[in-house]
Amino acid sequence: MAEENKTYLTEEGLKKLQDEYYNLVHVVREEVKQELAEARAQGDLSENADYDAARDEQAKVEARIATLEYMLRNYELIDTKKAGKKSAVHIGSSVTLFFNDTKEEVTYNIVGSTESDPLNGRLSNETPLAQAILDHKVGDVCEVRVANPYTVEIIKIK
């Protein structure tokens, strides 16, 4: 069950989250504090739209900071070099699939959900397609269980 709460990250993804966290804590948070101070200086807070907007922004920033803190405390680094040496599909693998229904061949990198970008070949480990192929080997035909099920064949794993 603890595995479900992990955030799977590549080194690049970890760096991006750390950079975002640093920026939010040390730059954006300070900007929002300044906006709040300026809005308070305008007087009556009950009808102060600037103050309400600054409070809303503060809530969004603090929520994102809390999310990032959780993710950075509970991540597992994906070792892409190690993943590529395995004979089965794992998080961190680059896998080439043949879609039997469309007769297309597509290559995906299996990543954690935070780094997912399917249009650029980065598939979240939580998607039905990734779930269907995880732990399978080259030559396996896997059924993807969605509303309209389809099958894919694993052509190559790197």
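In what follows, the accompanying structure is described. Just so you know, these numbers come straight off a predicted model, no measurement behind them.

1. A short note on a negative patch on the surface
Point 1. A cluster of acidic side chains, namely Glu31, Glu35, Glu38, Asp50, Asp52, Asp56 and Glu57, defines a negative patch on the protein surface.
Point 2. At the level of secondary structure, the elements contributing two or more residues to the negative patch comprise helix 1 (11–40) and helix 2 (49–73).
Point 3. For the negative patch, the leading source of residues is helix 2, giving 4 residues.
Point 4. Structurally, the position occupied by Glu57 is in helix 2.
Point 5. The class of Glu57 is partly exposed, set by a relative accessible area of 32%.

2. Considerations on helix 2
Point 1. Across its 25 residues, helix 2 extends 36 Å between first and last C-alpha, which sits within 8% of the 36 Å expected from 1.5 Å per residue.
Point 2. The set of residues buried in helix 2 consists of Tyr51, Ala54, Val61, Ile65, Leu68 and Met71.
Point 3. Each element contacted by the buried residues of helix 2 is listed here: strand 1 (7–9), helix 1 and strand 2 (75–77).

Criteria and thresholds
Residues numbered from 1 in each chain as written. Predicted model: local features only at pLDDT ≥ 70, side-chain atom pairs only at ≥ 80, totals over all residues. Heavy atoms only, no water. Patch = residues over 30% accessible without salt bridge, like charges linked within 9 Å, V, L, I, M, F, W, Y side chains within 5 Å. Areas by Shrake-Rupley, 256 points an atom, 1.4 Å probe, with all protein chains shown as cover. Salt bridge = Lys/Arg side-chain N within 4 Å of Asp/Glu carboxyl O. Lys, Arg positive; Asp, Glu negative; His and termini not counted. Charge placed at Lys NZ, Arg CZ, Asp CG, Glu CD. Helix = DSSP H or I, 4+ residues; strand = E, 2+ residues; numbered from the N terminus. Buried < 20%, exposed > 50% of the residue type's maximum accessible area, 1.4 Å probe, protein only. Expected span 1.5 Å × (residues − 1). Contact = heavy atoms within 4.5 Å.

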